[in-house]
Amino acid sequence: MQWINKWGKSFGIYLLFVLIFPFIMPDEYYRSVGIIIGLHAIVTIGLCLVMGLAGQISLGQAAFWGIGAYTSAVLTTKYGLPPLVGLIASAILPGLFAFILGRAIAGLQGYYLAMATLAFGYIVQIGITEWEPVTGGANGLISIPSVPVFGDSELSMYYLIWGVVTCVLLFSLNLLHSRVGRAFRAIHKSEIAATSMGIDVRKFKLNAFVISGMFAGISGGLYAHYMGILDPQPFGLHESIKFLTMVVIGGMTSIWGALVGTVLINSISEGLIMLSEVIPGLQGDFDTIVFGAILVLIIMFMPEGIVPRIRAAYEKSAAKKAKANQAQQSEQVVERKAAT
Amino acid sequence: MTELLQYVANGLVSGGIYAIVAVGFITIYSVSKVINLAQGEFLMLGGMMTVALIGMNIPYGAAALLAVIAVTLIGVLMQKYVIAYVKKANPISLIILTIGISTLIRGVASFIWGKDAFALPPITSNEPISVAGVNIAQQSIWILLAVLIILLLLWFLMDKTILGKKINACSINPMAARLMGISPAKMSMLAFAISGATGAIAGIVIAPLSVTSYDIGVLLGIKGFSAAILGGLGNPLGAAVAAFLLGIVESLGAGYISSGMKDAIAFLVLIAVLLIKPSGIFGERSVGKGGL
């Protein structure tokens, strides 16, 4: 529980903000935006574990999201199971998929891994579209029951989802500051060195992959119950790249970075929608241009991402202050000595 | 039997396009160790620019030529101002970077030309030719001809000219190449120019057969990349053969199993090969291991 001391301040600010957000913006619309941000955040925190910690790339994260969403949706609409059972299944099945895929591609690195996850993403999206008797094909599923938590309002859904985000966040931060986290950082720096220190690199990578798949699945299940309708369209490469952008902009190596990136990208999305209402020329895929530009500029000028950059700047200024204080003190000592 | 031949013929045509994309990937990868995931966008830009230029009443040939020049230039600029800037980045960053470039190009294309699909008129007439009961569109023959000419020219350039030797030298040992007075930066730029030009030509010749729109680059690029990996990264001949195989397998799968599963079949083949023999069917040439 050491992280409580280290992360106490940021965690307190986070919790406060999450709790009061629905009341700063007491509009149903902003609450729904908050819900979507929360759902994305669960996925990106998982992706951050894979990319930042295990140093792997996944271009198929939206596929796990989709598997989760369809698992819960199909179980509740076709078989009449309660949403809670559906949600549990929507964590297990994507985790299983991630386990099998991760086992299979454990030996792959770099471009091969990118390609394999990308291909997996395509296969899942095509599979969902083609398996019409179960998934409803391109038409999708309708009337998925909502999760019955303290009422049926936007507000209760908001707190439910951010509750899950908080659990996911705590789990990941804890992981990061434990033995497992240190092992991951060692793998990220040098796999060979990590292996020679007795770290089972394959196992750790696989674990990160499975955890990220489960996170994405949970988020997908919640998404299905929140939206009430599903079609295969949002579970493709476009969404996977959007998740990637969120993680990269915030900083791959930082869990907080994933959260900040998610908020940032969603805010930009919303801002662009508002702008397009004012300026008629901006409709269509303008957000694609912005996200592409963000990815390119971030890798060119700030490859470590926003949060680590800010933290470095903060630590630098703190160190400077400490140094200045020290210098002042020693000066005073010298003066005192001179006086005596 | 006729049915089978028809599927194989169709597969050869799409395989040819994948071959051009795959060779484009390898040309860039062998020199600069970058997998340019924006490769598919070169094809899209080639097709869309030609359509746009013809719309401005420029004759077909001139429009195609201008489009090829423009895409070549885009490739060079991309290398000079973006890729060269992050030379020291790790593979994950490079993957993200080229994905970003591809997303950016796609977004700009949909912004300028909209989301509609366009078709170019075929080079010669629309009448299909019938050979032993197999119907072949005349444009398909043009596509295969263009593919073969491009592959032959590339082979000649790489194996028979001093310029090709210079490019090869940079891919084998950039440091030694530099000591011999070859500039790896210039060769890298040249590689981007070559794959830009070949990509644009491929994009133009397929536009009459399958319509072109802002988003065709994604799948073509990924299929080409699959072929490059299947054939063994850094092995142009292997990649070209693998591309034709991929095209045929895909076409057979679409014909005999389900047309909706066509793309899934290609990717399943890819994952299977990655699992069984990650270095590709024909072996990877020793130019770095998957970007590491």
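Residues numbered from 1 in each chain as written. Chains lettered and ligands numbered in written order. Predicted model: local features only at pLDDT ≥ 70, side-chain atom pairs only at ≥ 80, totals over all residues. Heavy atoms only, no water.

Chain B appears in an unreviewed UniProt entry as Branched-chain amino acid ABC transporter permease from Brevibacillus composti. What UniProt states about chain B under its Sequence similarities (unreviewed entry) heading is, verbatim, "Belongs to the binding-protein-dependent transport system permease family. LivHM subfamily." Quoted straight from UniProt, the Subcellular location (unreviewed entry) entry for chain B says "Cell membrane". (UniProt positions renumbered as here; feature names shortened; annotations may be inferred.)

As annotated in an unreviewed UniProt entry, chain A is Branched-chain amino acid ABC transporter permease from Brevibacillus composti. In its Subcellular location (unreviewed entry) section, UniProt records this for chain A: "Cell membrane".

S.K.: I keep staring at the overall build of chain B and nothing clicks. Help me out?
M.R.: From N to C terminus, chain B includes 11 helices and 2 strands. Ordered by position from the N terminus, the helices and strands of chain B form the series α-α-α-α-β-β-α-α-α-α-α-α-α. For a compact globule of 292 residues, the expected C-alpha radius of gyration is about 19 Å, and chain B comes in at 19 Å, within 12% of that figure. Over its C-alpha atoms, taken along the principal directions, chain B stretches across nearly 60 × 50 × 35 Å. By sequence separation, contacts in chain B at least 24 residues apart represent 76% of the contacts at least 6 residues apart. As displayed, chain B has an accessible area near 12,400 Å², and 71% of this comes from carbon and sulfur atoms. Once the 16 positive and 9 negative side-chain charges of chain B are each reduced to a mean point, those two points are 21 Å apart. (Helix = DSSP H or I, 4+ residues; strand = E, 2+ residues; numbered from the N terminus. Rg over C-alpha atoms; globule rule 2.2 N^0.38 Å. Contact = heavy atoms within 4.5 Å. Areas by Shrake-Rupley, 256 points an atom, 1.4 Å probe, with all protein chains shown as cover. Lys, Arg positive; Asp, Glu negative; His and termini not counted. Charge placed at Lys NZ, Arg CZ, Asp CG, Glu CD.)

S.K.: Sorry if this is basic, but what is going on with the overall build of chain A here?
M.R.: Tallying secondary structure elements over chain A gives 14 helices and 0 strands in all. Overall, chain A shows an N-to-C arrangement of helices and strands of α-α-α-α-α-α-α-α-α-α-α-α-α-α. Expected size for 340 residues packed as a compact globule is a radius of gyration near 20 Å; at 22 Å, chain A falls within 12% of this value. Projected onto its principal axes, the C-alpha coordinates of chain A cover approximately 90 × 55 × 45 Å. Residues counted as buried form 53% of the 340 residues belonging to chain A. Contacts in chain A between residues far apart in sequence, at least 24 positions, make up 79% of those at least 6 positions apart. Summed over its atoms, the accessible surface of chain A is roughly 15,800 Å², and 67% of this surface lies on carbon and sulfur atoms. (Buried < 20%, exposed > 50% of the residue type's maximum accessible area, 1.4 Å probe, protein only.)

S.K.: Could you clarify how one ought to interpret a positive patch on the surface in this entry?
M.R.: Residue and element names in this part refer to chain A. A surface patch of positive charge is lined by R179, R182, R185, K189 and K203. Per element, the largest residue contribution to the positive patch is 4 residues, and it comes from helix 8 (residues 179-189). Assignment of secondary structure puts R182 in helix 8. (Patch = residues over 30% accessible without salt bridge, like charges linked within 9 Å, V, L, I, M, F, W, Y side chains within 5 Å. Salt bridge = Lys/Arg side-chain N within 4 Å of Asp/Glu carboxyl O.)

S.K.: Mind showing me how you'd approach the packing of aromatic side chains here?
M.R.: Ring pairs (aromatic) are described by centroid distance and by the angle formed between their planes. Residues and elements named next belong to chain A. Going through the model one piece at a time under the given rule, you end up with 23 aromatic pairs over all chains. Here the aromatic rings of Y14 and W162 are separated by 6.3 Å at their centres, their planes lie at 50°, and the arrangement is tilted. On the criterion of sequence distance, the pair formed by Y14 in helix 1 (residues 3-24) and W162 in helix 7 (residues 154-176) is long-range, its members being 148 residues apart. For the pair shown, Y14 and W162 are each scored as buried. Every member of this aromatic cluster is reached through a ring pair, and the members are F11, Y14, F17, F21, Y158, Y159, W162 and W256. Positioned above the aromatic ring of F204 is the side chain of K203, whose terminal nitrogen or guanidinium carbon lies 5.9 Å from the ring centre. (Phe/Tyr/Trp six-rings, centres within 6.5 Å; stacked < 30°, edge-to-face > 60°. Lys NZ or Arg CZ within 6 Å of the ring centre and 35° of its normal.)

S.K.: Mind showing me how you'd approach the environment of S219 of chain A here?
M.R.: All names here are of chain A. With respect to the helices and strands, the residue S219 is situated in helix 10 (residues 201-227). Separated by 151 residues in the primary sequence, S219 and G68 have C-alpha atoms spaced 7.3 Å apart. The residues contacting S219, other than those within four sequence positions of it, are L39, I42, V43 and W65. From its side chain, S219 meets the backbone oxygen of L39 in a polar contact 2.7 Å long. (Polar contact = N/O pair within 3.5 Å; in protein donor to acceptor, adjacent residues only side chain to side chain.)

S.K.: Help me out: how do you make sense of the interface of chain B and chain A in this one?
M.R.: Quoted interface sizes are often the accessible area lost when the parts come together. Each partner contributes residues to the interface: chain B has 49 residues there, and chain A has 41 residues. Buried area between chain B and chain A, both sides added, is near 3,800 Å², and the carbon and sulfur share of it is 83%. Among the residues of chain B in contact with chain A, I92, I96 and F111 of chain B are the three that bury the most area, contributing 16% of the side total. Remark: the boundary between chain B and chain A carries 0 salt bridges. Where chain B packs against chain A, one counts 2 residue pairs in polar contact (both at pLDDT 80 or more). Elements that contribute at least two residues to the side of chain B that touches chain A include exactly helix 3 (60-83), helix 4 (91-113), helix 9 (216-231) and helix 11 (262-276) of chain B. Per element, the largest residue contribution to the side of chain B that touches chain A is 16 residues, and it comes from helix 4 of chain B. When grouped by side-chain class, the residues that make up the side of chain B that touches chain A number 35 nonpolar, 10 polar and 4 charged. (Buried area = accessible area lost by both parts, 1.4 Å probe. Nonpolar A, V, L, I, M, F, W, Y, C, P; charged D, E, K, R; others polar.)

S.K.: How should unusual backbone geometry be read in this particular structure?
M.R.: With the exception of glycine, most residues fall at negative phi, and the peptide bonds are largely trans. Of note, S143 of chain A is a non-glycine position whose phi angle comes to about 45°, a positive value. Mapped onto the fold, S143 of chain A is located in the loop between helix 6 (132-135) and helix 7. In this model, N57 of chain B sits at a positive phi of 65°, which is unusual for a non-glycine residue. For N57 of chain B, the location among the structural elements is in the loop between helix 2 (39-55) and helix 3.

S.K.: Just to check I follow, could you spell out the UniProt feature "transmembrane region" (unreviewed entry) in chain A for this structure?
M.R.: Residues and elements named next belong to chain A. The residues that UniProt annotates with the feature "transmembrane region" (unreviewed entry) are residues 7-24, 30-50, 87-106, 111-128, 157-176, 206-223, 243-265 and 286-303. This span, residues 157-176, is 100% helix and 0% strand, and a straight line between its end C-alpha atoms measures 28 Å. Structurally, residues 286-303 comprises 89% helix and 0% strand, and the distance from its first C-alpha atom to its last is 24 Å.

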